[in-house]
Amino acid sequence: MLILNKTVRVFSKPSKRKIYEFLGSFTFHPGKPFLHKLVLGIETSCDDTAAAVVDETGNVLGEAIHSQTEVHLKTGGIIPPVAQRLHRENIQQIVQEALCASRVSPSELSAIATTIKPGLALSLGVGLSYSLQLVDQLKKPFIPIHHMEAHALTIRLTNNVEFPFLVLLISGGHCLLALVQGVSDFLLLGKSLDIAPGDMFDKVARRLCLRKHPECSTMSGGKAIEHLAKQGNKLHFDLKPPMQHARNCDFSFSGLQNVADKIIKQKEKEEGTETGQILSSAADIAAAVQHTTACHIARRTHRAVLFCQQRGLLPQTNAVLVASGGVASNLYIRKALEIVTSVTQCTLLCPPPRLCTDNGVMIAWNGIERLRAGLGVLHNTEGIRYEPKCPLGVDISKEVGEAAIKVPRLKMKI
Ligand code: KG4
Ligand code: ZN
């Protein structure tokens, strides 16, 4: 059994010496050795400092997360140097908590896996430099992780899903459709040409002042829109789904945000409300925005399924569509996706909400997948850099557009 016998303070910037002290704080008590491979995963690509220890069979032995959401909500968005400072202040504590909960000593780890792309440069830098010091001192292999690949593969930890499968990643920072053919074999079918749907929801919610709404004050923008939409009439405003004439799998949400903005301005005038007050039509606006978003996402996803089926890239029956990311926890959007999967004979799978959002488990699990496949396991980390921008897999979105698949109109009775 392994016991952690010291509490480590929170250091503003972990130095080499501090990491030595931290590693020295573990006491090894010989007991039952771990039979499986064990990976420590570290995630700092955006505004969550997260770590987890996962074994080869998908058991999550320990995890910890520090969210910066509250701080960034106050400033109305992420300020990268603030995110960097908070990652620095918390990373050691979070790694220690994950290791401590797992009862695994650092020496028993098979490898350390860390997100190195894509993400905020300053945030990625903290996780990478911390991990490289740890790897150097422990003499363990290092597995660099692509954040989006990790999101996409998470479903294989919770469900028995074989390659290939389709994945839709929708969150505050991501919006893409991809075919997952292997651990590091992805085809990008489409992505948002502007902002992500969660970002759009957050902006509309902020414009509607939903933080001041007694029922929504603690909710994220997207969650507040979903909550309020239940009380509204989606037909009250006639919003058109974006990009209806573009027969590809790309997305766009900034037009929808602008239209919502105009409606809100108009309603404020009509109702004589000051900016900052909640409109009487807020629920109707939320319902219309959510419905239009759901229809847009469903239609692009429908085309992606048809494209893959036509090209023989997915099994004709029982193909799997995975939806993940914060926005995928929206039940209205899930129902829209279920309409698509039912007409295309696919199965919709979503990881549990805690694994849909950014976390350390998905990074550790991607490390396990890579270790098992023998892909991208480094024994020499010289020259390794983080990459703020990095596409997912091979981009075939142009080919998808050229196929110009006409998608049958579905009744979106949700
Ligand atoms: O995956 P996530 O936690 O973080 C990243 O963006 O990486 O997603 C957060 C986003 C936010 O924009 C939030 O407003 C949105 O997901 N979100 C939702 C819901 N819950 C969270 N959007 C729609 N409906 C929800 N229920
Ligand atoms: Zn993410």
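Residues numbered from 1 in each chain as written. Chains lettered and ligands numbered in written order. Predicted model: local features only at pLDDT ≥ 70, side-chain atom pairs only at ≥ 80, totals over all residues. Heavy atoms only, no water.

### Here's the deal with the coordination of the zinc ion (ligand 2)
Okay, step 1: Coordination of the zinc ion (ligand 2) by the protein comes from His147 (NE2), His151 (NE2), His174 (NE2) and Asp358 (OD), over a distance range of 2.1 to 2.2 Å.
Okay, step 2: Metal-centred angles of 88 to 161° between the 4 donor atoms at the zinc ion (ligand 2) mark the site as irregular.
Okay, step 3: Written as a sequence motif, the donor arrangement for the zinc ion (ligand 2) is H-x3-H-x22-H-x183-D. Of the two residues, histidine 147 is situated in helix α5 (residues 147-153) and histidine 174 in the loop between β8 (165-170) and β9 (175-182); the sequence distance between them amounts to 27 residues. For the pair histidine 147 and histidine 174, one class covers both residues: buried. (Donors = N, O, S within 2.8 Å, 3.2 Å for Na, K, Ca; no water. Tetrahedral: all angles 85-135°; square planar, octahedral: opposite > 155°, others 65-115°. Helix = DSSP H or I, 4+ residues; strand = E, 2+ residues; numbered from the N terminus. Buried < 20%, exposed > 50% of the residue type's maximum accessible area, 1.4 Å probe, protein only.)

### Describing the confidence of the model for the protein
Okay, step 1: Considering every residue of the protein, the mean pLDDT works out to 92; 94% of them sit at 70 or more.
Okay, step 2: Every residue in residues 1-11 is under pLDDT 50, and counting partners more than four places away or in other chains gives 37 contacts. (pLDDT = per-residue confidence, 0-100. Contact = heavy atoms within 4.5 Å.)

### A word on the site of ligand 1
Okay, step 1: As a matter of local geometry, ligand 1 sits amid 19 residues, with Gly172, Asp202, Gly222, Glu226 and Gly326 nearest to it.
Okay, step 2: One of the side-chain N or O atoms of serine 171 is found 3.3 Å from an oxygen atom in ligand 1.
Okay, step 3: One of the backbone nitrogen or oxygen atoms of glycine 222 is found 2.8 Å away from an oxygen atom of ligand 1.
Okay, step 4: Relative to its unbound accessible surface of 550 Å², ligand 1 loses 85% to contact with the protein.
Okay, step 5: Considering every element that reaches the shell around ligand 1, the biggest residue donor is helix α8 (residues 221-229), with 4 residues.
Okay, step 6: For the shell around ligand 1, the residue count by class is 2 nonpolar, 13 polar and 4 charged. (Near = heavy atom within 4 Å. Polar contact = N/O pair within 3.5 Å; in protein donor to acceptor, adjacent residues only side chain to side chain. Areas by Shrake-Rupley, 256 points an atom, 1.4 Å probe, with all protein chains shown as cover. Nonpolar A, V, L, I, M, F, W, Y, C, P; charged D, E, K, R; others polar.)

### Brief notes about helix α1 (residues 16-24)
Okay, step 1: Of all the positions in α1, only Lys18, Ile19, Phe22 and Leu23 are classed as buried. Each buried residue of α1 lies within a common arc of 135° when the element is viewed along its axis, so the set occupies one face. Across α1 from its buried face, at more than 90 degrees, point the exposed residues Arg17, Tyr20 and Gly24. (Arc of directions from axis to C-beta.)

### Here's the deal with the sheet that holds strand β10 (residues 185-191)
Okay, step 1: Spatial strand order, β12-β11-β8-β9-β10-β13: 6 strands in an open sheet with mixed pairing. Each edge of the open sheet is held by one strand with a lone partner, namely β12 (346-349) and β13 (394-395).
Okay, step 2: By the bridge criterion, 2 bridges tie β10 to β13 in an arrangement that is parallel. If you follow leucine 187 over to β13, its bridge partner there is valine 394. (Pairing = 2+ DSSP bridges.)

### Examining the packing of aromatic side chains
When we look at a pair of aromatic rings, we describe it by the centre distance and by the angle of the planes.
Okay, step 1: Across all of its chains, the model carries 2 aromatic pairs by this definition.
Okay, step 2: Note on phenylalanine 163 and phenylalanine 165: the rings are 6.0 Å apart at their centroids and 10° apart in plane angle, and the pair reads as stacked.
Okay, step 3: For phenylalanine 163, a relative accessible area of 25% gives the class partly exposed.
Okay, step 4: Using a relative accessible area of 0% as the deciding quantity, one classes phenylalanine 165 as buried. (Phe/Tyr/Trp six-rings, centres within 6.5 Å; stacked < 30°, edge-to-face > 60°.)

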